[in-house]
Amino acid sequence: MITREMIKAIAPNSKNEIIDPLVIYLNKYMPKYEVNNYLRVCHFLAQAAHEAASFRTLEEYASGAAYEGRRDLGNTQRGDGVRYKGRGIFQLTGRANYRDIGKKLGYDLENNPTLAATPEISVLTALEYWKSRNLNKWADEDNVERITRLINGGLNGFEDRKKYLARCKQVIPKNISFVPPPPPPVDPLIPPIVVAKRGDNSSYVADLQQMLVRKGWAIATDGAFGPKTEQAVREFQQKNGLKVTGQIDTDTLNKLMI
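These lines cover the structure that appears in this document, whether it is placed above or below. (Residues numbered from 1 in each chain as written. Predicted model: local features only at pLDDT ≥ 70, side-chain atom pairs only at ≥ 80, totals over all residues. Heavy atoms only, no water.)

Here the focus is helix 11 (residues 227-239). An α-helix turns once per 3.6 residues; consequently, residues spaced three or four apart project the same way. Spanning 13 residues, helix 11 covers 18 Å between terminal C-alpha atoms, matching the ideal 18 Å at 1.5 Å per step. What helix 11 keeps buried is the set Thr229, Glu230, Ala232, Val233, Phe236 and Gln237. Buried residues along helix 11 cover an arc of 160° about the axis, so they all sit on one side. The exposed residues of helix 11 that point more than 90 degrees off its buried face are Lys228, Gln238 and Lys239. Structurally, helix 11 contributes buried residues whose contacts are with helix 10 (203-214), strand 2 (248-249) and helix 12 (250-256). With its phi angle positive at about 70°, Gly241 sits one or two positions after the end of helix 11. (Helix = DSSP H or I, 4+ residues; strand = E, 2+ residues; numbered from the N terminus. Expected span 1.5 Å × (residues − 1). Buried < 20%, exposed > 50% of the residue type's maximum accessible area, 1.4 Å probe, protein only. Arc of directions from axis to C-beta. Contact = heavy atoms within 4.5 Å.)

Structure below.
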C-alpha cells in the first residue's frame, strides 16, 4: 500500500491537502491498472512527483496560453490553450487528450476540463494515459528515459524525474503489495459486569426499579433489591433474549435504557 509517509519521503515539500486524497485513489486504482510491483510503482510516482511539482499542485501554474493553436494537442478553437492547460498528476494537456482520456474513463472532460484537477480524476487520467502508452513494459525494464519521452514528448525535467525515481527506489518496499493487511485480532469479549443484585439497597437500585416500571413491571421503587425485583429482572431478561440471572448486568442495563 502507498502511504502518506512514503509520499512525504519522496516529495518532502508536498502539500498534505493534495497527497491525503491522492493516497486513497492511488491505492484504489493502481492495482486495477497493474501498476502493482516495485518498478512500476516507482516509475509512476516519480513521473507524477515531477509533473505535479512535488505534489504541490494538480493544475499547471502557467496560464496555458502557450498551447494556443497547438493542433498536435487538438487545440483548434480559440481559447483551447488556457481551457485545456495541464491538470492532474500527469498534467493532462490539450483538447484531444481531454476528450480521448475522458471517453475511456466515462467522464466528459472535454466539456468539464476542471474535473481533471480533482484528486480521483487526476489519478485516473494518469493511469489511463500510462496504460495507453504501455508504460508498464518500460517500467519493468527500468527505462526512465523511454517513459519520460512517452509522457513528456521529450526529456524536459529529466534530471528531476531521475531524482524522484532514486527517492522512490529508496522509499517504496521491494515487496510492495496492495492487498490490505489483515485486521488486528479482536480482543476477547469482556463479560457483562453486574451492577445490581439481590440484597442491594440504594438510590441507584431505585433508579433501576423505575426503569423496570417504565418497561411494564409493577414493582416497588424503594431501592431494595428483593425477590420481586429479582423476578422482574428475570422476566425482562427472558423477554429480551438475555442470559437469565436475575441480576442487572451491563447487557441488561443497556436494554433497560433503550
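It is worth spelling out the state of the cysteines at this point. Considering all chains together, one arrives at zero disulfides under this definition. Unpaired in this structure, Cys168 has its nearest cysteine sulfur neighbour in Cys42, at a distance of 5.4 Å. (Disulfide = S-S within 2.5 Å.)

What follows concerns the packing of helix 8 (residues 144-152) against helix 9 (residues 158-171). As a packed pair, helix 8 and helix 9 sit with axes 11 Å apart at the nearest point and diverge in direction by 125°. For the element pair helix 8 / helix 9, the angle class is oblique. As for the relative orientation of helix 8 and helix 9, their crossing is right-handed in sense. Across the interface between the two elements, Val144, Glu145, Thr148, Ile151 and Asn152 of helix 8 pack against Phe158, Arg161, Lys162 and Leu165 of helix 9. (Axes fitted to C-alpha atoms, helices over the stretch in contact; angles between N-to-C directions. Parallel < 35°, antiparallel > 145°, perpendicular 65-115°, else oblique. Left-handed = near helix turned anticlockwise from the far one by under 90°.)

Centre distance and the angle of the planes are the two values used to describe a pair of aromatic rings. For the structure on display, the rule yields six aromatic pairs. Ring geometry for Phe44 and Phe90: centres 5.1 Å apart, planes at 40°, overall tilted. Placement of the pair is Phe44 in helix 3 (residues 38-51) and Phe90 in the loop between helix 4 (80-83) and helix 5 (95-105), with a sequence separation of 46 residues. Residue Phe44 shares its accessibility class with Phe90, and that shared class is buried. Through a chain of ring-to-ring contacts, the aromatic side chains of Phe44, Phe90 and Trp130 assemble into a single cluster. Between the NZ or CZ atom of Arg146 and the centre of the ring of Trp138, over which it lies, the distance is 5.4 Å. (Phe/Tyr/Trp six-rings, centres within 6.5 Å; stacked < 30°, edge-to-face > 60°. Lys NZ or Arg CZ within 6 Å of the ring centre and 35° of its normal.)

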